[in-house]
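Each chain, written out:
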Amino acid sequence: MKASRPPANRTTRLGFLLVLGIALRYTGISVANTMVMATSDRVRELAVPRLAEPPPGRCCGWWAPRR
């Protein structure tokens, strides 16, 4: 006996697309939330290298010549 699946009608396809859309939206929001939380927790760590750089035009404690 050959197994056959029922034909997919328009309602089934729309239901599938609705569930897929909800799942993708939830995943996108979750990833964005994770990135925001990880960045906000590391603000101080990310600022340290920026603060340790010399100001523009200055290098290693002496003024760099302009070209």
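Note that this is a predicted model, so its numbers are computed, not measured.

Some remarks on the overall build of the protein chain
Looking only at helices and strands, the protein chain features two helices and two strands. Along the protein chain, helices (α) and strands (β) appear in the sequence α-α-β-β when read from the amino end.

Focus: the environment of Thr 39
When you line up the elements, Thr 39 lands in helix H1 (residues 10-41). Look at Thr 39 and you get partly exposed, because its relative accessible area is 44%.

A closer look at the confidence of the model for the protein chain
Residues at a pLDDT of 70 or more form 75% of the protein chain, whose mean pLDDT is 81. For the protein chain, the element scoring lowest by mean pLDDT is strand E2 (residues 62-63), at 58; H1 scores highest, at 94.

Reading guide: rules and limits
- Residues numbered from 1 in each chain as written.
- Predicted model: local features only at pLDDT ≥ 70, side-chain atom pairs only at ≥ 80, totals over all residues.
- Heavy atoms only, no water.
- Helix = DSSP H or I, 4+ residues; strand = E, 2+ residues; numbered from the N terminus.
- Buried < 20%, exposed > 50% of the residue type's maximum accessible area, 1.4 Å probe, protein only.
- pLDDT = per-residue confidence, 0-100.

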